[in-house]
Amino acid sequence: MNIKKKVIKISIISALIPILFLGVYGYFLVKNKIDESEMEKIELMFHSQKSEFNLIFNKSKALLDLAEIIVNSHDESSDHDKNLNLMLNNIAADNVEVKNIFWGSDKGEIHTSNLNLPIDYDPRSRPWYINSLKSKNNNLSTITYEFMDGKRGTTITKKVYNKDGIFKGVIGLDLNFCGLEKKLKEFALGKKVTIFIVDKFDSIVIDSAKNNGNLLLIREYMKNNFPVKFSKENYSLRDIALSTDISRIKIDTPKGATIFIKEYIPELELLMIGGIYEHELTETAHKIIISSLLFTLLGFSITWIIVNKFIKKLDSHIKIINTLIREISLGNYKNDEKKLLEFISEDSELNTIRKEIEALQISIEKREINLKNSALIDCLTGVYNRKGLELFLTKAKEKWYLFDDYSFSIIIFDIDNFKKINDTYGHIFGDKVLKSICKKFIENIDENDHISRYGGEEFIILLHNMNRKEGFKVANKLKKLVEKIDFISPIDTKEIVKITVSGGVAEYQKDLDIEELIKKADMMLYKAKNSGKNKVMC
């Protein structure tokens, strides 16, 4: 029997007895559990908001990795600088949370999707650049401040080094929290208390209402109640976030006691704070007790047995809800699904909650998988990037040591005279050449093999279950197919442009590092180039 049917049954019985008395008895028996359950619901909502921030942070991290790859592979000529600005703009335009994405070099150059910067803008003098340099490692660093449009937000930065480990500059992106701020304005814990988010300097970054007064209340509370712990007299809210012994704060105000709860977001160094008036937690229970006191004396002796049964059933359902909330907040719902199904019937309202949670988890998992895959793909050609190449080569090497009959080889291709092609016909034509050659490679290799863009016009193909000689045959076949492609000149449509490639082949041998394998293939490519190009050497 579901909850609704149980309520109807109790209501019928209550036609003969003082139903409001049941509320009085129930209030005293389960008051604390109701209060705790309400707070757990609020904390679950906070965890949900934190998950949104975590998704944005993970997505931002992947975008910075992508921007780092683009920055490390771009040429510093003026045409390439324009192309870099365009690529950064494309990344920012495709992500609504990203307000701006930028690259500041150690030489004072700035590349950004924001074209409204002053002419004399020097990134090295900006807070985001300086803050990134102060970080003790290469991990991401964050800073929040007011942007040019007057909105506050968070900037995430990352130091960039070239392949030799030399510092090149800082990449970063500005996160726009307008969408989340709008959600918070629609999301209220109680009738009057709202949510706000502060950074490590106690500046309000997101405010669903005017919460400056609540900020001052909390700081004053800390000053009065923790004089030793906060003896430096800065009373930063960051101390609350990092203090495990401060889980909730109860502050008496002229309008009533307010309970504040916190949720620290360490990735962005933000603290989310929200509160609710204490009387709102027990408002319903108080109304019940006041109304039912009139019937207490009349119904006590008659309804004692019935009320006890009702309270036991009510307590059982509260335990179910508490179990659901606790397991969801800990992320253990999937592990305890069978246990939960034992007391959730098919016609129960709680069954709907379970289905919604399952759908939400599947959606989050799909988004995470798509985000991870996008970080491995070259945005121009659609083949894997260098990061993807390293992943597949590492797996192939592990497989080589596991299976005696497994071998693998690589082909490194370089487009002959590609700089001249770009200079003569333009970069748009050059991009078309890169995409067409990649398409030809994909159509003529085994579906289990992998193609990666290694550099500007260099590509590496991983061939599974092939030795050096077999790889040489495949490389020659691909080279000849490229020769047959007819490219129409963008300058003169009657002119047919022919493109050739040179290649080097190497097979993996015992105790060989991945870098050494690529170096062997690169040496063969160098020989092919020096012997007249349009050749493959192994």
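Structure: above.
Below you will find a few notes about this structure. None of these values were measured; they are calculated from a predicted model. (Residues numbered from 1 in each chain as written. Predicted model: local features only at pLDDT ≥ 70, side-chain atom pairs only at ≥ 80, totals over all residues. Heavy atoms only, no water.)

Here we take up the sheet that holds strand β13 (residues 458–464). Sheet architecture is open: five strands sit in the order β12-β13-β11-β16-β17, paired in mixed fashion. Strands with a single pairing partner mark the edges of an open sheet, and in this sheet they are β12 (450–453) and β17 (536–537). As defined by bridge partners, strand β11 (residues 408–415) adjoins strand β16 (residues 501–507) across seven bridges and the pair is classed as antiparallel. Bridge pairing in β16 places Asp414 opposite Ser502. (Pairing = 2+ DSSP bridges. Helix = DSSP H or I, 4+ residues; strand = E, 2+ residues; numbered from the N terminus.)

Those residues of helix α14 (residues 418–425) not exposed but buried are Phe418, Ile421, Asn422 and Tyr425. Around the axis of α14, the buried residues are gathered within 100 degrees of arc, so they sit on the same side. Residues Lys419, Lys420 and Asp423 are exposed on α14 and point more than 90 degrees away from its buried face. For α14, the elements touching its buried residues are β11, α15 (427–443) and β15 (496–497). Downstream of α14 by one or two residues, Gly426 has phi in the positive range, about 95 degrees. (Buried < 20%, exposed > 50% of the residue type's maximum accessible area, 1.4 Å probe, protein only. Arc of directions from axis to C-beta. Contact = heavy atoms within 4.5 Å.)

This part takes up the packing of aromatic side chains. Applying the stated criterion to the full structure yields 12 aromatic pairs. Here the aromatic rings of Tyr161 and Phe167 are separated by 5.8 Å at their centres, their planes lie at 65 degrees, and the arrangement is edge-to-face. Ring centres 6.2 Å apart and planes at 75 degrees place the aromatic pair Phe429 and Phe487 in the edge-to-face group. Pair noted here: Phe429 is in helix α15 and Phe487 is in strand β14 (residues 487–488), with a separation of 58 residues, a long-range link. Taken individually, Phe429 and Phe487 each receive the classification buried, so the pair is uniform in this respect. The ring of Tyr454 is capped by Arg386, whose NZ or CZ atom sits 4.2 Å from the centre of that ring. (Phe/Tyr/Trp six-rings, centres within 6.5 Å; stacked < 30°, edge-to-face > 60°. Lys NZ or Arg CZ within 6 Å of the ring centre and 35° of its normal.)

The next subject is the pattern of salt bridges. For the coordinates displayed, the defined rule picks out 10 salt bridges. Sharing partners across several salt bridges, the network here consists of Asp65, Glu68, Lys158 and Lys387. (Salt bridge = Lys/Arg side-chain N within 4 Å of Asp/Glu carboxyl O.)

With that settled, consider unusual backbone geometry. You will see that Asn417, though not glycine, has its phi angle at about 55 degrees, which is positive. With respect to the helices and strands, Asn417 occurs in the loop between β11 and α14. Unlike most non-glycine residues, Asp511 shows phi in positive territory, near 65 degrees. On the secondary structure map, Asp511 appears in the loop between β16 and α17 (514–530).

As a further point, take the packing of α14 against α15. Where α14 meets α15, the closest approach of the two axes is 7 Å, and the angle between their N-to-C directions is 135 degrees. Classed by the angle they form, the pair α14 and α15 counts as oblique. Counting all contacts with α14, which are made through Phe418, Ile421, Asn422 and Tyr425, the residues of α15 involved are His427, Phe429, Gly430, Val433 and Leu434. Here the residues of the contact of α14 with α15 are counted per class, giving six nonpolar, three polar and no charged. (Axes fitted to C-alpha atoms, helices over the stretch in contact; angles between N-to-C directions. Parallel < 35°, antiparallel > 145°, perpendicular 65-115°, else oblique. Nonpolar A, V, L, I, M, F, W, Y, C, P; charged D, E, K, R; others polar.)

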